[in-house]
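Notes for the structure review
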Amino acid sequence: MTSEEKRITKECTVYIDESGDLGVNRGTQWFVLTAVVVDMEDEPAIRQTIMSLRSHLNVNCIHMRTIKDFSRKRFIVRELSKHNFTYMNILFDTHKFDLNKMTSERIAYNYICRYLIERVSWLLRDTNRIGNIVLSSRGTSKDGELIDYIKSKLMNYEFNNVSKCFASIKSYSAPSRDLLQLADVCATTMFWSYEKNGYGFITPCFARQLKKKLYSRNGQIMSYGIKYFSDEMKPDTDYFSGSKVCDII
């Protein structure tokens, strides 16, 4: 074992989920891909909170898009925000999808995933951790394709340091892996910070409560915890004007 390998003191899990529809000219304007990094030692406490939340809310699985009551959403986010984890997001504005640069949604998704894994690798490298990737299953052949893409392409991407930072990649449904429900909460609340509802409002207060959990480097969240796919996709200031139901992060 090398001295570099000896410095790795913690094992963690990287839970990846998404919110929104990446489709061009259909579905949602925003698509968010999120990774939540949890140390193994912190998982039991988070799992217990998720179980308690499900019991209290009388639901089988915490899926934020199905929670309609505002107070219930705040309750879920408040309880989970008490735990130790770090998360990061890649934001993609589908209205600015350039088909001249990316000829398909699949290519766009792969690039989004690359940006996300890149940032996860920076965090794991800087904190001397090794991660096991757990993907939220979409129940299609795309699950296997994504795993193959990460293994064959991203694992060898020179800026990811993946060979030192990641151990395994697997896909599960949210009900079968409790902490994927935490990833759902993080992805969906970030999505709500940008996607306007049918009344033209965004609700960034949920993500604001999780702000301290966002990945930052040298005190900077932008480009780390929150990364726009391209500079052109960063919304103008007036995009948020008059649209906030609550404070933005």
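Use the structure listed above.
In short, a report on the structure.

Parameters at a glance
- Residues numbered from 1 in each chain as written.
- Predicted model: local features only at pLDDT ≥ 70, side-chain atom pairs only at ≥ 80, totals over all residues.
- Heavy atoms only, no water.
- Phe/Tyr/Trp six-rings, centres within 6.5 Å; stacked < 30°, edge-to-face > 60°.
- Helix = DSSP H or I, 4+ residues; strand = E, 2+ residues; numbered from the N terminus.
- Buried < 20%, exposed > 50% of the residue type's maximum accessible area, 1.4 Å probe, protein only.
- Lys NZ or Arg CZ within 6 Å of the ring centre and 35° of its normal.
- Axes fitted to C-alpha atoms, helices over the stretch in contact; angles between N-to-C directions.
- Parallel < 35°, antiparallel > 145°, perpendicular 65-115°, else oblique.
- Left-handed = near helix turned anticlockwise from the far one by under 90°.
- Contact = heavy atoms within 4.5 Å.
- Nonpolar A, V, L, I, M, F, W, Y, C, P; charged D, E, K, R; others polar.

Considerations on the packing of aromatic side chains
If you walk through the whole model with that rule in mind, you get 14 aromatic pairs. Considering the side-chain rings of Trp30 and Tyr228, the 6.4 Å spacing of their centres and the 55 degrees angle between planes classify their relative orientation as tilted. Linking Trp30 in strand β2 (residues 30-39) with Tyr228 in strand β6 (residues 226-228), this pair joins segments that are 198 residues apart in sequence. Both residues of the pair, Trp30 and Tyr228, count as buried. Taken together, a centroid distance of 5.1 Å and an interplanar angle of 50 degrees make the contact between Phe70 and Phe206 tilted. In this pair, Phe70 sits in helix α3 (residues 70-80) while Phe206 sits in helix α8 (residues 205-209), placing the two residues 136 residues apart along the sequence. By relative accessible area, which is 38% here, Phe70 ends up partly exposed. Aromatic rings pair up to connect Trp30, Tyr194, Tyr228, Tyr239 and Phe240 into one cluster. For the cation-ring pair, Lys73 lies above Trp192, with the distance from its terminal atom to the ring centre recorded as 4.5 Å. The ring centre of Tyr239 lies 4.3 Å from the NZ or CZ of Lys196, which sits over that ring.

Details of the packing of helix α2 (residues 43-57) against α3
Between α2 and α3, the shortest axis-to-axis distance is 10 Å and the interhelical angle comes to 160 degrees. On the basis of the axis angle, α2 is roughly antiparallel to α3. For the crossing formed where α2 meets α3, the hand is right-handed. Between α2 and α3, the contacting residues are Ile46, Thr49, Ile50, Leu53, His56 and Leu57 on the first element and Arg72, Phe75, Ile76, Glu79 and Leu80 on the second. Residues of the contact of α2 with α3, tallied by class, amount to seven nonpolar, two polar and two charged.

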